[in-house]
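Below, each chain spelled out in residue letters.
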Amino acid sequence: MGIRFNEVSHKYSSFSDGNLSAIYQVSLKIKAKDEFIALVGHTGSGKTTLAKHMNALIFPTEGNVEIFNKIITKKRNRDIKYNEIRKKVGLVFQFPEYQLFEETVLKDIMFGPLNFHISKEEARNLAINALKLVGLDESYSNRNPYNLSGGEKKRVSIAGILAMDPDILVLDEPTSGLDPAGKRVLMELFKDIHKRTNKTIIIITHDMDLVYEYFSRAVVMNEGELVYDGSPESLFKEHDLSKNHLDYPNTIKVLTHLNKTLKLNLNVYQKTAIDALKEIEKAGIL
Amino acid sequence: MSYIEVKGLDYSYTKNKKVLKNIDFSINKGDWVAVLGHNGSGKSTLAKAMVGLIEPSIGSIKIDGLELNQDTVYDIRRKIGIVFQNPDNQFVGVTVKDDIAFGMENLAVPREEMLKRIDFFAKKVQMEKYLDKEPSQLSGGQKQRVAIAGILAMQTDIIIFDEATSMLDPFSREDLMKYIKKLHEEGLTIIMITHDINEALLADKMLILKSGEVFAYDDSHSLMKDKDVFRNSYLELPVALEIANSLTEKKYDSVKEKLWEYVSMK
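Bear in mind the structure is a predicted one, so any value in this text is a computation, not a measurement.

A. Broad picture of unusual backbone geometry. Residues and elements named next belong to chain A. Despite not being glycine, Asn69 has its phi angle at roughly 70°, a positive value. Note on placement: Asn69 falls in the loop between strand S4 (62-67) and strand S5 (70-72). Residue classification places Asn69 among the exposed residues on the basis of a relative accessible area of 63%. For Glu223, which is not a glycine, the phi torsion comes out positive at approximately 45°. Residue position: Glu223 is located in the loop between strand S9 (217-222) and strand S10 (225-230).

This is the structure:
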């Protein structure tokens, strides 16, 4: 078992970060390998709070989280090396490109491994490998991160986490701020990393089109509670998303509109525009 | 003469690489223009140049007949304001009230008048109940609304939104778009930089940048009928129009009509 939430609640005291939302009685199992999960929910639904529990960045106020067999509870446990947990579960925050600070790309990526007492030589190798994993060649090594494009910066910051070779990778809205082409490139990249390494990847996103097209499992949070855990297909088919303040993928919305206004019988559950187009052509409308 | 006139604008951050190349366009008062373009196309640089945060290498920007330069920059900023992408990067005040006041303080608005405007514009963006709250207690959408109130309070009549909704969730986004729509109906000139084609659809016109140049500038409807314009500038059309533009045979006319109707419903 990779990560297991056992009836976890987290309530923030008024002194702590006012931006985070509470979660209530969340139970959830995430395998150590082979998972590709979308974590969705509106702002204030508690999804970022949930993500922060995944590498013991915060502790539950009730219940416990098992992370690679270490049990995290309200109380700090001296026998648990929290740093090791954070090495096993890498968390990439939203807009990580704001956190680049070294003068070269390679130095920035090496920062994490060096913090975990790895030799300089080894950290360098890890960094170069991570750079390749995110689709940037070695020529980027000596460039200044500030002169990179938004998409490139994002890749560098993701490489910084990958260089620590975590078993599980959690990313908070990695595609926000990118143009549509950049979004797809990044999603393909995650899929590729997932395929090549079998690492479990958990991605927080608002983009239902991406959830539908790319993911096999969706976890939905609403007002601090876990309200759905299953395939995106049945989420969109069988659940009323508006109750959870979520939207449907565009293909479904567009085809539903055609069915309604033209009294058609199109199968609305198409993942891409091309699939939707085929469905319309199959109907051969006049 | 147009309300905003940009002529022959060039800008480079480093010696050899131009980020903006010979940018020419004009905007009429009350227009809503969406500025689209791939990452690195020069959208944000253009926005910064228009509010005088950076100085173009060549070319001119005129707003309401006034040419932007070091002497006029403060007068220009009474006419044009900007809301940035990251709601957390634009807060200076300890409370929402202080924050709305900040811009006016720079313009030396008298206290009495300032208090009046704070109340008025806080109400306008429906944040009047939050005036004494700390900005950190607000959601991203609420923060952006406060930022808008601060700009409106300076009584500018142009606002540039530089990906102002991109860090918001869909509902805060929709909510913010609702306010922007309302402000536009009341006569505000809007320049909206966005990656979100569904947001761009609300604009009367679209300005598409590609690698620092104006690739296309026309009314939104006619641009969107041309799928090559979008593809050639690395952009995507909304799903409904991607489908509509691919249905060329006559038997699909009814479907096409409904697809366009779907897009314009928003």
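B. Structural view of the interface of chain B and chain A. Each partner contributes residues to the interface: chain B has 34 residues there, and chain A has 32 residues. Summing both sides of the interface, chain B and chain A together bury roughly 3000 Å²; the carbon and sulfur share of this comes to 63%. Summed over the shared surface of chain B and chain A, the result is 1 salt bridge. In this structure, the salt-bridge partner of Glu236 of chain B is Arg184 of chain A, at a minimum N-O distance of 3.2 Å.

C. Broad picture of empty space enclosed by the protein. In the structure shown here, the tally under the stated rule is 3 cavities of 30 Å³ or more. Put simply, the largest cavity is a space of about 50 Å³. Every residue lining the largest cavity is listed: Gly41, His42, His206, Met208, His245, Leu246 and Asp247 of chain A together with Asp169, Pro170 and Phe171 of chain B. When grouped by side-chain class, the residues that make up the lining of the largest cavity number 4 nonpolar, 4 polar and 2 charged.

D. Looking closely at the confidence of the model for chain B. Residues of chain B with pLDDT of at least 70 account for 99%, and the chain-wide mean is 90. Scoring of the predicted complex yields 0.83 for pTM and 0.80 for ipTM.

E. Structural context of the sheet that holds S4 of chain A. Residue and element names in this part refer to chain A. With antiparallel pairing, 4 strands are arranged side by side in an open sheet as S2-S1-S4-S5. The open sheet terminates on both sides in strands that have one partner only, identified here as strand S2 (23-30) and S5. Within this sheet the neighbouring strands show an average axis-to-axis angle of 20°, counted without direction.

Conventions we followed
Residues numbered from 1 in each chain as written. Chains lettered and ligands numbered in written order. Predicted model: local features only at pLDDT ≥ 70, side-chain atom pairs only at ≥ 80, totals over all residues. Heavy atoms only, no water. Helix = DSSP H or I, 4+ residues; strand = E, 2+ residues; numbered from the N terminus. Buried < 20%, exposed > 50% of the residue type's maximum accessible area, 1.4 Å probe, protein only. Contact = heavy atoms within 4.5 Å. Buried area = accessible area lost by both parts, 1.4 Å probe. Salt bridge = Lys/Arg side-chain N within 4 Å of Asp/Glu carboxyl O. 1 Å grid on protein atoms, 1.4 Å probe; cavity = no way out; pocket = protein on both sides within 12 Å on 5 of 7 lines; lining within 4 Å. Points joined across faces, edges and corners; volume = space filled by probe spheres on them. Nonpolar A, V, L, I, M, F, W, Y, C, P; charged D, E, K, R; others polar. pLDDT = per-residue confidence, 0-100. Pairing = 2+ DSSP bridges. Axes fitted to C-alpha atoms, helices over the stretch in contact; angles between N-to-C directions.

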